[in-house]
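Close look at the chain arrangement
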Amino acid sequence: MKLSKTFLAAALLAFAAQAAAQYPNKAVQMVVAFTPGSAVDIVGRIVAEKLSQMWGQPVVSDNRAGAGGSIGSAAVARAAPDGYTLLVTSNAHVINPSIFAKLPYDTLKDFTDIALFVEQPNVMVVSSESRYKTLKDLVGAAKAKPGSLNIGHAGIGSGTHLNTEKFIAAAGIQVVEVPFKGTPEVVAAILSGDVDGYWAPISAALSFVKGGKVRPLAVSTAKRNPTMPDVPTAAEAGVKGSEFSLWVALWGPAGMSPELVNRINGDVRKALADPATKAKLEGLGNTTVDISAADFAKLVREELNGTRRLLQEAGVKPQ
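Numbering of residues starts from 1 in each chain and follows the order in which that chain's sequence is written. Side-chain atom pairs in this predicted model are given and counted only at pLDDT of 80 or more, local residue features only at pLDDT of at least 70, and totals for whole chains, interfaces and linings cover all residues. In computing side-chain properties, one takes all heavy atoms of the structure into account and sets aside hydrogens as well as water.

Next up on the list: the overall build of the chain. Put simply, DSSP marks the helices as runs of H or I at least four residues long and the strands as runs of E at least two long, and each gets a number from the N terminus on. A tally of regular secondary structure across the chain gives eleven helices and ten strands. Throughout, the radius of gyration refers to the C-alpha atoms, and the reference size of a globule is 2.2 Å times the residue count to the power 0.38. For 319 residues, the compact-globule estimate of 2.2 N^0.38 gives 20 Å, and the C-alpha radius of gyration of the chain, at 21 Å, lies within 12% of that figure. Along the first, second and third principal axes, the C-alpha atoms of the chain reach 75 × 40 × 30 Å. Think of it in three bands: residues with accessible area under 20% of the maximum for their type are buried, residues over 50% are exposed, and the middle band is partly exposed, with areas taken using a 1.4 Å probe on protein chains only. Every one of the 319 residues in the chain was classed for burial, and the buried ones make up 52%. Contacts spanning at least 24 positions in sequence make up 79% of the contacts within the chain whose residues lie at least 6 apart. Where accessible areas are quoted, they stem from the Shrake-Rupley method and a 1.4 Å probe; at the residue level, only the protein chains shown are allowed to cover. Of the roughly 13,800 Å² of accessible surface on the chain, 55% is carried by carbon and sulfur atoms. Positive residues here are Lys and Arg, negative ones are Asp and Glu, while His and the chain termini are left out of the count. Every charge is mapped onto a representative atom, which is NZ of Lys, CZ of Arg, CG of Asp or CD of Glu. Across the chain, the 32 positively charged side chains and the 27 negatively charged ones have centroids separated by 2 Å. By definition in these notes, contact holds between two residues if any of their heavy atoms fall within 4.5 Å.

Bringing helix H2 (residues 39-55) into the picture now. Between its first and last C-alpha atoms H2 spans 24 Å; for 17 residues at 1.5 Å apiece the expected length is 24 Å, and the two agree. One or two positions beyond H2, positive phi appears at Gly-56, with a value near 70°. One less than the residue count of a helix, multiplied by 1.5 Å, gives the span that helix is expected to have.

If you look at soluble globular proteins, the nonpolar side chains tend to sit buried side by side. Among the nonpolar cores identified, the biggest contains 60 residues, and Leu-86, Phe-117, Leu-250, Ile-264 and Phe-296 are the most heavily contacted of them. Ranked by residue count, the leading element in this core is H2, at eight residues. In this structure, Leu-86 is in contact with Tyr-23, Val-28, Gln-29, Met-30, Val-31, Val-76, Ile-114, Leu-250, Trp-251, Gly-252, Met-256 and Ile-264, ignoring residues within four places of it in sequence. We call a set of buried residues a nonpolar core when its members are Ala, Val, Leu, Ile, Met, Phe, Trp, Tyr or Cys and they connect through side-chain atoms within 4.5 Å of each other.

The next subject is the pattern of salt bridges. Take a side-chain nitrogen of Lys or Arg and a carboxyl oxygen of Asp or Glu: if they are within 4 Å of each other, that pair is a salt bridge. All told, the structure shown has nine salt bridges when counted by the stated rule. Between Arg-224 and Glu-236 there is a salt bridge whose closest N-O contact spans 2.9 Å. Remark: Glu-236 occurs in the loop between strand E8 (214-219) and strand E9 (245-253) and Arg-224 occurs in the loop between E8 and E9; sequence separation between them is twelve residues. For Glu-236, a relative accessible area of 51% translates into the label exposed.

Within strand E3 (residues 85-90), six of the six residues are buried, which leaves the element mostly enclosed by the surrounding structure. Side chains of E3 alternate between two faces, with Thr-85, Leu-87 and Thr-89 and Leu-86, Val-88 and Ser-90 buried alike. Whether two strands pair depends on DSSP finding at least two bridges between them. In terms of strand pairing, strand E1 (residues 28-32) meets E3 through four bridges, oriented parallel. Residue pairing across strands places Met-30 opposite Leu-86, the latter belonging to E3.

Let's shift gears to the packing of aromatic side chains. Note on ring pairs: Phe, Tyr and Trp rings are taken, using the six-membered ring of Trp, and paired if centres are within 6.5 Å. Classes follow the plane angle, with under 30 degrees stacked, over 60 edge-to-face and the rest tilted. For the structure on display, the rule yields seven aromatic pairs. Consider the rings of Phe-167 and Trp-199, whose centres lie 5.4 Å apart with planes at 70°: the pair is edge-to-face. Taken together, the residues Phe-167 in helix H6 (residues 159-171) and Trp-199 in strand E7 (residues 197-201) connect sequence positions 32 residues apart. Between Trp-251 and Phe-296, the aromatic rings sit 5.2 Å apart at their centres with planes inclined by 55°, giving tilted as the arrangement. Placement of Trp-251 in strand E9 and of Phe-296 in helix H11 (residues 293-313) is noted, with a sequence separation of 45 residues between them. Across this residue pair, the class does not change: Trp-251 and Phe-296 are buried. Ring pairing ties together the aromatic residues Tyr-23, Trp-55 and Tyr-84, which thus form one cluster. Positioned above the aromatic ring of Tyr-84, the side-chain terminus of Lys-26 is 4.7 Å from the ring centre. The rule for a charge over a ring is simple: NZ of Lys or CZ of Arg within 6 Å of the ring centre, and within 35 degrees of the ring normal.

Moving on: empty space enclosed by the protein. Here a cavity is any set of points on a 1 Å grid over the protein atoms alone where a 1.4 Å probe fits but cannot get out, and a pocket is any open set with protein on both sides within 12 Å along at least 5 of 7 lines; a residue lines the site when it has an atom within 4 Å of a point. Grid points are joined across faces, edges and corners, and a volume is the space filled by probe spheres set on the points. Per the stated rule, a full pass over the model turns up one cavity of 30 Å³ or more. In terms of lining, the largest cavity is formed by Phe-34, Ser-38, Ala-39, Val-40, Ser-90, Ala-154, Ser-158, Gly-159, Thr-160, Thr-183, Pro-201 and Leu-246. For the lining of the largest cavity, the secondary-structure elements that each account for two or more residues are H2 and H6. For the lining of the largest cavity, the class distribution of residues is six nonpolar, six polar and no charged. Classification used: nonpolar for Ala, Val, Leu, Ile, Met, Phe, Trp, Tyr, Cys and Pro, charged for Asp, Glu, Lys and Arg, polar for all others including Gly.

Helix axes are fitted to C-alpha atoms over the stretch in contact, other axes to C-alpha atoms as well, and angles between N-to-C directions run from 0 to 180 degrees. Where H6 contacts H11, the two axes come as close as 10 Å, and the packing angle between them is 45°. Considering the angle they form, H6 stands oblique to H11. By crossing handedness, the relation of H6 to H11 is classed as left-handed. Residue-level inspection shows Leu-162, Glu-165 and Lys-166 of H6 in contact with H11, the latter providing Thr-307, Leu-310 and Leu-311. Residue composition of the contact of H6 with H11, grouped by class: three nonpolar, one polar and two charged. For classification purposes, angles smaller than 35 degrees are called roughly parallel, those larger than 145 roughly antiparallel, those between 65 and 115 roughly perpendicular, and all remaining angles oblique. Crossings are classed by handedness, with left-handed meaning an anticlockwise turn of the near helix from the far one by less than a right angle and right-handed meaning a clockwise turn.

Position of Gly-238 among the secondary structure elements: in the loop between E8 and E9. For Gly-238, a relative accessible area of 62% gives the class exposed.

Take the environment of Phe-100 next. Tracing the chain through its elements places Phe-100 in the loop between helix H4 (92-99) and strand E4 (111-127). You can call Phe-100 buried: its relative accessible area is 18%. Residues within four places of Phe-100 in sequence aside, it is in contact with Ala-67, Ile-156, Gly-157, Pro-318 and Gln-319.

So, in structure tokens, the structure goes:
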């Protein structure tokens, strides 16, 4: 009996290793949990393009936006753990459990942590016609008349939402938060004057900044970003303690074999190290990240717990 169990275990391991070695032998669907043109979408498509070249198979982006990325996440949680349905989303994935009282999945139990793509700052943008020339101007107006400013974000639970909460707490201001479906929708509201400001992911905001349509006031990270070297950090602009990084990563359904996870993780890291791919991503304000699947899984748990503490301290209750 022991021999048969040992044989069966060895056979299963051999099968998993062979399946991972042959992966993929058909198209791979990457469910992107945010709208087309969002930071998650932009980064995901760049990585997908390189992986498609490496694998010799189509890697198809499928945008399923809404509810802070939880709609796309739920779709992947229900998929087969064969690596052919994957999830591209942001750190909204670890924020949502602290924002939503009930999710259609368990963030830790229903997913396999695969790979981290990039980190990037958000940038506070206002219309180029706005009277706010600096972050100090914006904060001053909010303090002078509490509740008079409308600050947009890309949906409850999104990274831009968390950034907004950190900014409000650090600046000691009261504003009206206006949730949208994604970054393109918030930027459109900025341009139309419906909202006053937005902590936009830098990769999605860059073209609007270069085109002169929006004015950048500050970046959310501790250091300035090379793509906008003249834009101060929030701390430099007078608001300390609001540092935030948006990150984009890859998950799969629960139950994926370790061999398959390591195969995909290794290929993602090779894609990110490719000079042309790296240049595309870094040219949009991203910093590529090279870590193992195990280290990424550890990061997910640390961020989930850290976010929960932060939002509790900010008085944000799950809805």
